[in-house]
Amino acid sequence: MQRWEQMLYMKQMRRTIDAYHLIEPGDRILVGLSGGKDSGLLFHALSELSRFSGYHFEVAALTVVHGMTESLDSLIQYGQKAERQIYLHQEAFANRLQASEADGFSACYTCARMRKGILKRFAKANAFNKIALGHTRDDFLETMLMNVMQHGRLAGIPPITREKSSEGAGVIIRPLLLVDEKSITKAVETLKLPIIKSTCPYSAEKARKTADDLIGKLEAVLPGFSEQWITALQNMDTTRLL
Ligand SMILES: Nc1ncnc2c1ncn2[C@@H]1O[C@H](COP(=O)(O)OP(=O)(O)OP(=O)(O)O)[C@@H](O)[C@H]1O
């Protein structure tokens, strides 16, 4: 792989950070690290950025160990070798959510809420003022399609959210929001970052899979469609909308 290809994700991430003012000097950023490739690359990229650039911020990661992943050993070894701070929060709630799915709960929704609550409380207790999540351009487009298909609403995922709640640190940033999954996969392979497999039975959520398939079909007919969609959203002509 060419060097420019390896660095493509970094260029796209920096552009997003600058365009939406995601990072300010003095920030203490806690990355939600699932063990998957997106947040794995996010943690690596922010760690590099904090060491070699003029952004002046600190970064560490928290993994919520909810009981639905394979062994975390390689992640822990990576943290020690690269001298990167990875905290672990052990709370095996995921099995209980599976059991309650039968009662009409959405396990994925509840799991995401619980993880977010844990991240927020940890951030507050340890003086982190921002939480960074690994959502990508593909997550953004899938969410947008799902919102149209399921709720008749045009909404994606914002690059920065400022939430007020009793749980604490309410600023959530998504520096990979305009980075495509292909660049992420390539970078993770080249950098040999550790990837922990999820054992969650819901990880291929049906509605998200449908949205993903649809985007794949559009890309096959119209190469560059995803990029063009993002460009269109940044150039909205509100005088011609309803
Ligand atoms: N167990 C966890 N502990 C800490 N943060 C998490 C955990 N699971 C998810 N997150 C955070 O929430 C984000 C969105 O979660 P989601 O399950 O949609 O992940 P994803 O899109 O598959 O990304 P990844 O490749 O990072 O797992 C992740 O990118 C990560 O930042």
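Everything here concerns the structure above.
Note that the structure is predicted; figures quoted are calculated from it, not measured.

Asker: Can you walk me through the overall build of the chain in this structure?
Answerer: A count of helical and extended segments in the chain gives 10 helices and 6 strands. Here the C-alpha atoms of the chain give a radius of gyration of 18 Å, agreeing with the 18 Å that 2.2 N^0.38 yields for 242 residues. Seen through its principal axes, the chain has C-alpha atoms that stretch 50 × 50 × 40 Å. Residue pairs at least 24 apart in sequence account for 77% of intrachain contacts in the chain once pairs closer than 6 positions are excluded. Looking at the chain, you have 31 positive and 27 negative side-chain charges, and the mean spots of the two groups are 3 Å apart.

Asker: Sorry, what's going on with the site of the ligand here?
Answerer: Taken together, the neighbourhood of the ligand is formed by 16 residues, with Gly32, Ser34, Asp38, Ser39 and Val64 sitting nearest. Residue serine 39 places a side-chain N or O atom 2.7 Å away from an oxygen atom belonging to the ligand. The contact in question runs from a nitrogen atom of the ligand to an N or O atom on the backbone of valine 64, over 2.9 Å. Considering the ligand on its own, with 590 Å² of exposed area, one finds that the protein chains cover 78% of that surface.

Asker: I keep staring at the nonpolar core and nothing clicks. Help me out?
Answerer: Burial of nonpolar side chains together is a common tendency in soluble globular proteins. Residues Met13, Ile23 and Leu46 are the most contacted members of the largest nonpolar core, which totals 35 residues. Elements supplying a minimum of two residues to this core: helix H2 (8-19), strand E1 (28-32), helix H3 (37-52), strand E2 (58-65), helix H4 (73-81), strand E6 (171-173) and helix H8 (181-191). The element best represented in this core is H3, accounting for 6 residues. Those residues in contact with isoleucine 23, other than ones at most four positions away along the chain, are Ile17, Ile29, Leu46, Tyr55, Phe57, Lys130 and Ile173. Cys111, Ile118, Phe128 and Ile131 belong to the second largest nonpolar core, which has 16 residues in total.

Asker: I would appreciate a short explanation of helix H10 (residues 225-234) in the present structure.
Answerer: Owing to its 3.6 residues per turn, the α-helix brings residues three or four apart onto one side. Along H10, the residues classified as buried are Phe225, Ser226, Trp229 and Ile230. The buried residues of H10 occupy an angular sector of 140° when projected down its axis, which confines them to one face.

Asker: Just to check I follow, could you spell out the state of the cysteines for this structure?
Answerer: A covalent bond between the sulfur atoms of two cysteines is what we call a disulfide. Applying the stated criterion across every chain, the model contains 0 disulfides. The thiol sulfur of cysteine 108 is not disulfide-bonded, and the nearest other cysteine sulfur, from cysteine 200, lies at 5.9 Å. The partly exposed category is assigned to cysteine 108, whose relative accessible area is 28%.

Asker: Explain the pattern of salt bridges to me, please; I cannot follow it from the model alone.
Answerer: Two side chains carrying opposite charge are able to pair once their charged atoms lie near each other. One pass over the structure, following the stated rule, counts 12 salt bridges. Across the pair glutamate 163 and lysine 120 runs a salt bridge whose closest N-O atoms are separated by 2.6 Å. Of this pair, glutamate 163 sits in the loop between strand E5 (160-162) and E6 while lysine 120 sits in helix H6 (residues 107-125); the two residues are 43 residues apart in sequence, bridging distant segments of the chain. Of the charged contacts in the structure, one is a salt bridge between lysine 209 and aspartate 213, with a shortest N-O distance of 3.2 Å. Within this pair, lysine 209 and its partner aspartate 213 are both found in helix H9 (residues 206-221), separated by 4 residues, close to a single helical turn. Connected through salt bridges with shared partners, the residues Glu24, Asp27 and Lys130 form a single ionic network.

Asker: So what exactly am I meant to see when it comes to the side chain of histidine 44 here?
Answerer: As for its placement among the helices and strands, histidine 44 is situated in helix H3. In contact with histidine 44, not counting residues within four places along its chain, are Tyr9, Tyr78, Arg84, Leu191 and Leu193.

Calculation rules
Residues numbered from 1 in each chain as written. Predicted model: local features only at pLDDT ≥ 70, side-chain atom pairs only at ≥ 80, totals over all residues. Heavy atoms only, no water. Helix = DSSP H or I, 4+ residues; strand = E, 2+ residues; numbered from the N terminus. Rg over C-alpha atoms; globule rule 2.2 N^0.38 Å. Contact = heavy atoms within 4.5 Å. Lys, Arg positive; Asp, Glu negative; His and termini not counted. Charge placed at Lys NZ, Arg CZ, Asp CG, Glu CD. Near = heavy atom within 4 Å. Polar contact = N/O pair within 3.5 Å; in protein donor to acceptor, adjacent residues only side chain to side chain. Areas by Shrake-Rupley, 256 points an atom, 1.4 Å probe, with all protein chains shown as cover. Core = buried A, V, L, I, M, F, W, Y, C linked by side-chain atoms within 4.5 Å. Buried < 20%, exposed > 50% of the residue type's maximum accessible area, 1.4 Å probe, protein only. Arc of directions from axis to C-beta. Disulfide = S-S within 2.5 Å. Salt bridge = Lys/Arg side-chain N within 4 Å of Asp/Glu carboxyl O.

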